[in-house]
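# Observations on chain architecture
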Amino acid sequence: MIMQDRHYGGLITGPDGRILEVLGNAAWLLGREHADLVGCMLDTVLDLDAVPPGPEGKGQARPKPAHDTGTLLNYQHLATAQPGPLLTVLQALPSDACPLTKPVAAALFQGMQHSTQAMLWVSDPALQAFLYASPGFAHLWGHPADTAPAPAIWRDAVLPEDQPRVDAFIAAQQAGRISDTEVRIRHQDGGIRWLWAHSCPWVDRQRRAQVTGFVLDITALRSDAAAQAPSREVLLREGHHRIKNSLQALAALLRRHADSAGDHREILTEAVGQIRAIAAVHELYSHDGRPRASLGDLIATLSRSAEGLYPGRPVEIAPLPEIAAAPLPEPDIQPLAVMLNELLTNALKHGQAGPSGAIRIVTAVDGEYCVLRIDNPGRLPADFNFAQGKGLGSGLQLLAALADPPDTLVDVFQGGPDTVRARLSLRTKRIPCPKEAPAHAR
């Protein structure tokens, strides 16, 4: 995904610096044709003197000869060992045409590239000719990194009973299909490890079939045949826990960029809130491995998350009715989490601060609906009309798109002279809990 972005590209070179392959939009970034780059020496196409590389091999360079657009590139050399194949990652420096969020993708790529628990590779579909393998190979197989291009080392370590899975994995790659497999290998230290592999076939500009792959050590999630296998519930809990951690790490990375993003800060902060809302649902799932979140769970969890994004703006939650403790239908949980997060962040972002600036959440049953009301101090613009789609920002537009009348209704309006009110109504028949006596929440 990174290499198909217009602002990224890569060059794979041999130990002598000769370009073996051109990835993504490297040719466009360098102002050259793909065929003209293959076979060239790296120092004949990149002027590396703009900003010399530091200890991590990062620097800035200009295309050589000079690109007519004056493109300035970030670059970094990534190698398995010396001598060995070298991947030079190129990235157009941020500009009006290159949003500040682009370095996030590069940071995630770097995290995978340097992880000792994972390996990235580029090869032919038959796994016979490897152009690149990241340093994680040495950890996963226990062989020196400079032996990674030897395919027999990869396959010979697989236990015989799992070899048919490898054959099916390769056959899928050769057929041009995205493929996954889980196999056991015998590590050099004599132990048995479970590996999960994922591959994505693609065709380069010379119509040659290639594969980009990812291998992850999943031994912690699996057991040897002689040991007791973990229960499905344990695996589900662990899976949701890891997804939550990954989403929270991504949210933290975006938050750090948001602090210095200038005009883009609000956009990144909204993205952080949406990611944290989804992470909050996986946190609830990780408690017992099953999607049993209730409306009360979502209100409590998402209120804490929203308060963390907007310090100093407390959220008050009125006593909840009985129906708020009932498990929500699984298909409703994720959309409701996103909708509730948007309502909370919108109130915190636009509500007036001050001694009486608390956001208040009231939930009650009104007829055939469970109504959640969010009040915040403030006034809506004169031309605002939620029902007609007038004056809506991106967050409220998302809310309007997620609403599913008549089962889910959303409205935002002036609830009083100095109170903006948002109302989320859920049909009680979709919540497996007896209806309560009506209590108006309008």
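Please read these numbers as outputs of a predicted model, since none were measured by experiment.

### Examining the overall build of the protein
- What the protein contains, in helices and strands, is eleven helices and 16 strands.
- Looking at the protein as a whole, 47% of its 442 residues are labelled buried.
- Of the contacts formed within the protein by residues at least 6 apart in sequence, a portion of 54% connects residues at least 24 apart.
- A total accessible area of about 21,300 Å² is found for the protein, and carbon and sulfur atoms account for 55% of it.

### Digging into the nonpolar core
- Counting residues in hydrophobic clusters, the biggest one holds 44 residues, and the most contacted among them are Leu298 and Ile374.
- Of all hydrophobic cores here, the second largest spans 20 residues; its members include Phe137, Val158, Leu195 and Val215.

### What about the packing of helix α10 (residues 330-350) against helix α11 (residues 394-402)?
- Packing of α10 against α11 leaves a shortest axis separation of 10 Å and a crossing angle of 150 degrees. Classified by the angle their axes make, α10 and α11 are roughly antiparallel. Between α10 and α11 the crossing geometry is left-handed. Facing α10, whose interface residues are Pro335, Val338, Met339, Glu342, Leu343 and Asn346, α11 presents Gly395, Leu396, Leu398, Leu399 and Leu402.
- Class assignment for the residues of the contact of α10 with α11 results in eight nonpolar, two polar and one charged.

### Some words on the pattern of salt bridges
- Using the criterion set out here, one finds ten salt bridges in the structure.
- For Arg373, the salt bridge identified is with Asp375, shortest N-O distance 3.2 Å.
- Judged by its relative accessible area of 12%, Asp375 is buried.
- One network of salt bridges, in which partners are shared, links Glu161, Asp162 and Arg184.

### Structural notes on the pairing of strand β15 (residues 408-416)
- Bridge count for β15 against strand β16 (residues 419-427) is eight bridges, and the pairing is antiparallel. Residue Gln414 lies in a different strand from β16, and its bridge partner there is Val420.

### A look at unusual backbone geometry
- Along the chain, Pro405 connects to Pro406 via a cis peptide bond; the corresponding omega equals 0 degrees.
- One can find Pro406 in the loop between α11 and β15.
- A positive phi angle, close to 60 degrees, is found at Leu127, a residue other than glycine.
- The exposure class assigned to Leu127 is buried, which follows from its relative accessible area of 7%.

### Looking at the packing of aromatic side chains
- Tallied over the full model, the rule gives two aromatic pairs.
- Between Phe137 and Trp141, the ring centres sit 5.3 Å apart and the planes meet at 25 degrees, which makes this aromatic pair stacked. Highlighted residues: Phe137 and Trp141, both in helix α4 (residues 136-141), separated by four residues, approximately one helical turn. Neither Phe137 nor Trp141 differs from the other in exposure class; each is buried.

### Some remarks on the sheet that holds strand β7 (residues 118-123)
- Pairing within the open sheet is antiparallel, and its five strands lie in the order β8-β7-β11-β10-β9. Two strands close off the open sheet at either side, each with one partner strand: β8 (130-133) and β9 (179-186). Averaged over all pairs of adjacent strands, the angle between their axes in this sheet comes to 20 degrees, without regard to strand direction.
- Summarising the sheet, strand β10 (residues 192-203) and strand β11 (residues 209-217) pair through nine bridges and their orientation is antiparallel. Paired with Val203 across the strands is Ala209, a residue of β11.
- Contacts from helix α6 (residues 163-174) reach β7, β9, β10 and β11 within the one sheet, and its direction differs from that of β9 by about 145 degrees.

### A few points about the packing of helix α9 (residues 295-309) against α10
- Packing of α9 against α10 brings their axes to within 10 Å, and their N-to-C directions diverge by 40 degrees. As judged from the angle between their axes, α9 and α10 are oblique. Handedness of the α9/α10 crossing: right-handed. Contact residues: α9 offers Leu298, Ile299, Leu302, Ser303, Ala306 and Glu307, while α10 offers Ile333, Leu336, Ala337, Leu340, Asn341, Leu344, Thr345 and Leu348.
- Each residue belonging to the contact of α9 with α10 can be placed in one class, and the counts come to ten nonpolar, three polar and one charged.

### Considering the sheet that holds β16
- Taken together, the five strands give an open sheet; going across it, the order is β12-β13-β14-β16-β15, and neighbouring strands pair in mixed fashion. Edge positions in the sheet fall to β12 (315-317) and β15, since each of these pairs with one other strand and no more. Strand-to-strand twist of the sheet, defined as the mean angle between neighbouring strand axes without regard to direction, takes the value 20 degrees.
- The strands touched by α10 are β12, β13 (359-366), β14 (369-377), β15 and β16; relative to β14, the strand with the most contacts, the crossing angle is about 20 degrees.

### Quick notes on the pairing of strand β1 (residues 8-13)
- Of all six residues making up β1, six are buried, and the element is well covered by its neighbours.
- Here β1 shows two buried faces, one formed by Tyr8, Gly10 and Ile12 and the other by Gly9, Leu11 and Thr13.
- Taking the residues that link successive antiparallel strands as the turn, the β1-strand β2 (residues 19-24) hairpin has five residues, and the phi of Gly17 there is positive, at about 90 degrees.

### Points about the environment of Asn376
- Of note, Asn376 is situated in strand β14.
- On the basis of relative accessibility, which here comes to 8%, the residue Asn376 falls in the buried class.
- Distance from Asn376 to Asn346, taken between C-alpha atoms, is 9.6 Å for residues 30 residues apart in sequence.
- Excluding residues that lie within four positions of it along the chain, Asn376 makes contacts with Ala347, His350, Gly351, Ile359, Asp418, Thr419 and Val420.

### Concerning the confidence of the model for the protein
- Averaged over every residue, the pLDDT of the protein is 75; the share at 70 or more is 70%.
- Below a pLDDT of 50 lies the segment residues 224-230, which in the model reaches eight contacts outside its immediate sequence neighbourhood of four places, other chains included.
- Here residues 434-442 scores under 50 on pLDDT; set against residues more than four positions off or in separate chains, the count is 22 contacts.

Conventions and cut-offs
- Numbering of residues starts from 1 in each chain and follows the order in which that chain's sequence is written.
- Only residues with pLDDT of at least 70 are given local features in this predicted model, and only at 80 or more are side-chain atom pairs given and counted; all residues enter the totals for whole chains, interfaces and linings.
- Each side-chain value is derived from all of the structure's non-hydrogen atoms; neither hydrogens nor water enter the calculation.
- Only DSSP runs of H or I reaching four residues or more are called helices, and only runs of E reaching two or more are called strands; each is numbered from the N terminus.
- Only protein chains enter the area calculation, which uses a 1.4 Å probe; residues under 20% of their type maximum are buried, those over 50% are exposed, and those in between are partly exposed.
- In this description, contact between two residues means that some pair of their heavy atoms is separated by no more than 4.5 Å.
- For accessible areas, the Shrake-Rupley method is used with a probe of radius 1.4 Å. Any residue's cover is judged against the shown protein chains and nothing else.
- We call a set of buried residues a nonpolar core when its members are Ala, Val, Leu, Ile, Met, Phe, Trp, Tyr or Cys and they connect through side-chain atoms within 4.5 Å of each other.
- Angular values range over 0 to 180 degrees, each being the angle between N-to-C directions of two axes fitted as lines to C-alpha atoms, with helices fitted over their stretch in contact.
- Put simply, angles under 35 degrees are roughly parallel, angles over 145 are roughly antiparallel, angles from 65 to 115 are roughly perpendicular, and the rest are oblique.
- Rotating anticlockwise by less than a right angle from the far helix to the near helix defines a left-handed crossing, while the corresponding clockwise rotation defines a right-handed one.
- Amino acids are sorted into nonpolar (Ala, Val, Leu, Ile, Met, Phe, Trp, Tyr, Cys and Pro), charged (Asp, Glu, Lys and Arg) and polar (every other residue, Gly among them).
- A pairing counts as a salt bridge when a side-chain nitrogen of Lys or Arg comes within 4 Å of a carboxyl oxygen of Asp or Glu.
- Criterion used throughout: strands pair if DSSP finds at least two bridges between them.
- Pairs were defined over the aromatic rings of Phe, Tyr and Trp, the Trp ring being its six-membered one, requiring ring centres within 6.5 Å. Orientation was assigned from the angle between planes: stacked under 30 degrees, edge-to-face over 60, tilted for the rest.
- Here pLDDT means the predictor's own confidence in every residue, given as a number from 0 to 100.

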